[in-house]
Amino acid sequence: MDTSEISKISQDKISLILVKVSSLVDYAGEKLHTFPYKNVPLSWLRLYTDSSLLKTLVMTGAPGNHRRDMIFQLIEETKKILKEFKEFNQIKCIKSNFNDLNDSNYDAPIINHSLPKISRPSLTTFASHVTSSNPTPYIITSSIDHWPALSTRSWNNIDYLLNIGKERLVPIEIGFKYTDENWTQKIMEFDDIIIPDYCFVDTKPFIIKLNNNDIIKYNPLQDVIMNAWFGPKGTISPMHTDPYHNLLAQVVGQKYVRLYSPIETSKLYPFEGDFMSNTSQVEIENPNLEKFPLFATAQFKECILESGDLLYIPPGWWHYVRSLSVSFSVSFWF
């Protein structure tokens, strides 16, 4: 067998391996979009990363001198191409969709069941409330005014957002509501937000017993989990509940938020099954009371979250959110 035949066989094998590895990357990528990003199992994240790296190795020729340099060169070239592609194809679209970041005109609903507001409570005061037997939601004001995102590097500047720094990765949920088919998630990079000190109070595990005999278990997280939402006016987060303490920071725009205590769970008609059992079937602002009659008797609190506000939501509390304007928010689970 001559050298050309050996080369041909090797190339055929490499092509076959590349096809299989590419399929693995695609499969892992599909799994990343099967779950809300915060719920993606670590195994799928690792598989996506490892299979992508393996694909890069195959594409650069596997064994050989200077392979490491070739890989890094390929990564850098890919980043340049992607950056140029995004700038050419997306900037005009983004600017046209979000050119009203500074628009302060919005139709605010009438608030009849308002939440209390507290101006920059001390850590001791906040910790005492969070660790009480029955913590309730409230709005914290004047506590995130020092964030660069609200001052020196304002997020209401769309040009700045398109050229933002690269220190912190944040999952961004994009779409009107996550129960819609066109809802999606992306990863963006930020260093303009600071985790509030309130997230580091010493919390303890506890169990909430509901009136339908279900329970909600809270266990403290080892690390603060951050999520961010960027969307146009009318974006909705359907009524749902989370098993963690939550601080929702409003950076740009305004949002209407409605909250229900865990004791109202049976009146909120959660979806059946494990995957969506933390989400209500009810269209909160346009409920079908023939189908969900008990919803009319559920007690709630509500507020309009303004830029610079920080909303504390205890574990197990149901919350519905609607953007009243173009909006950028960041939440912190702890």
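The chain is annotated in an unreviewed UniProt entry as 11097_t:CDS:1 of Diversispora eburnea. In the Cofactor (unreviewed entry) part of its UniProt record, the chain is described as follows: "Fe(2+)". The record held by UniProt for the chain lists under Subcellular location (unreviewed entry) the comment "Nucleus".

With respect to the overall build of the chain
The secondary structure content of the chain amounts to six helices and 14 strands. Counting all 334 residues of the chain, 39% fall into the buried class. For the chain, restricting intrachain contacts to residue pairs at least 6 apart in sequence, the fraction spanning at least 24 positions comes to 77%. Accessible surface, the chain: about 19,200 Å² in total, of which carbon and sulfur atoms supply 53%.

Quick notes on the pattern of salt bridges
Going through the model one piece at a time under the given rule, you end up with three salt bridges. The partner of Lys204 in a salt bridge is Asp202, and the shortest N-O contact between them spans 3.2 Å. Each of the two residues, Lys204 as well as Asp202, counts as exposed.

Let's talk about the side chain of Glu264
Relative to the elements of secondary structure, Glu264 occurs in the loop between strand S10 (255-260) and strand S11 (301-305). Setting aside chain neighbours within four positions, we find Glu264 in contact with Ala298 and Gln299.

Remarks on the sheet that holds strand S8 (residues 236-241)
Strand pairing in a sheet is mediated by backbone hydrogen bonds. Such pairs are either parallel or antiparallel. Judged by pairing direction, the sheet is antiparallel, and its four strands sit side by side in the order S8-S13-S10-S11 without closing on themselves. Only two strands of the sheet have a single partner each, and these edge strands are S8 and S11. Shown here is a sheet whose adjacent strand axes are inclined to one another by a mean of 15 degrees, direction ignored. Here S10 pairs with strand S13 (residues 318-323) via six bridges, running antiparallel. The residue bridging Lys255 from the neighbouring strand is Ser323, located in S13.

Brief notes about the packing of aromatic side chains
A complete count under the given rule lists twelve aromatic pairs for this structure. When the ring of Tyr27 is compared with that of Trp44, the centres are 5.6 Å apart and the planes differ by 75 degrees; the resulting orientation is edge-to-face. Here the residue Tyr27 occupies a position in helix H1 (residues 3-32), and Trp44 occupies one in helix H2 (residues 42-59), the gap between them amounting to 17 residues. What makes Tyr27 partly exposed here is its relative accessible area of 40%. Pairing Phe126 with Tyr312 gives two aromatic rings, centres 5.4 Å apart and planes at 80 degrees, and the pair type is edge-to-face. A residue pair is termed long-range when its members are at least 10 positions apart, and Phe126 in helix H5 (residues 123-130) and Tyr312 in strand S12 (residues 310-313) qualify at 186 residues.

Some details on the confidence of the model for the chain
Within the chain, residue pLDDT values average 79, and 69% of them lie at 70 or more. Within the model, pLDDT remains below 50 along residues 1-9, and this stretch shows two contacts once partners closer than five positions in the same chain are excluded.

What to know about unusual backbone geometry
Here Ser142, not a glycine, exhibits a phi torsion of approximately 60 degrees, which is positive. You can see Ser142 is positioned in the loop between strand S2 (138-141) and helix H6 (158-162). In the Ramachandran plot, Tyr269 falls in the positive-phi region, its phi being about 50 degrees despite a non-glycine side chain. Checked against the element boundaries, Tyr269 lands in the loop between S10 and S11. The class of Tyr269 is buried, set by a relative accessible area of 18%.

A short note on the nonpolar core
Ranked by size, the top nonpolar core spans 28 residues in total, and within it Phe126, Trp155, Leu247, Phe332 and Phe334 carry the most contacts. Among the secondary structure elements, those contributing two or more residues to this core are H5, S2, strand S7 (225-231), strand S9 (246-252), S12 and strand S14 (327-333). The biggest single contributor to this core is S9, with four residues. Listed in part, the 14 residues of the second largest apolar core include Tyr260, Val282, Ala298 and Leu324.

Considering the environment of Phe72
By the element assignment, Phe72 lies in helix H3 (residues 67-89). Taking C-alpha positions, Phe72 is 9.7 Å from Thr56, a pair spaced 16 residues apart along the chain.

A word on the environment of Ile111
Mapped onto the secondary structure, Ile111 falls in the loop between helix H4 (91-97) and strand S1 (117-119). Along the backbone, Ile111 and Arg258 are 147 residues apart, and their C-alpha atoms lie at a distance of 9.8 Å. Beyond its immediate chain neighbours, meaning those up to four positions away, Ile111 contacts Tyr256, Glu302, Cys303 and Ile304.

Analysis parameters
Residues numbered from 1 in each chain as written. Predicted model: local features only at pLDDT ≥ 70, side-chain atom pairs only at ≥ 80, totals over all residues. Heavy atoms only, no water. UniProt positions renumbered as here; feature names shortened; annotations may be inferred. Helix = DSSP H or I, 4+ residues; strand = E, 2+ residues; numbered from the N terminus. Buried < 20%, exposed > 50% of the residue type's maximum accessible area, 1.4 Å probe, protein only. Contact = heavy atoms within 4.5 Å. Areas by Shrake-Rupley, 256 points an atom, 1.4 Å probe, with all protein chains shown as cover. Salt bridge = Lys/Arg side-chain N within 4 Å of Asp/Glu carboxyl O. Pairing = 2+ DSSP bridges. Axes fitted to C-alpha atoms, helices over the stretch in contact; angles between N-to-C directions. Phe/Tyr/Trp six-rings, centres within 6.5 Å; stacked < 30°, edge-to-face > 60°. pLDDT = per-residue confidence, 0-100. Core = buried A, V, L, I, M, F, W, Y, C linked by side-chain atoms within 4.5 Å.

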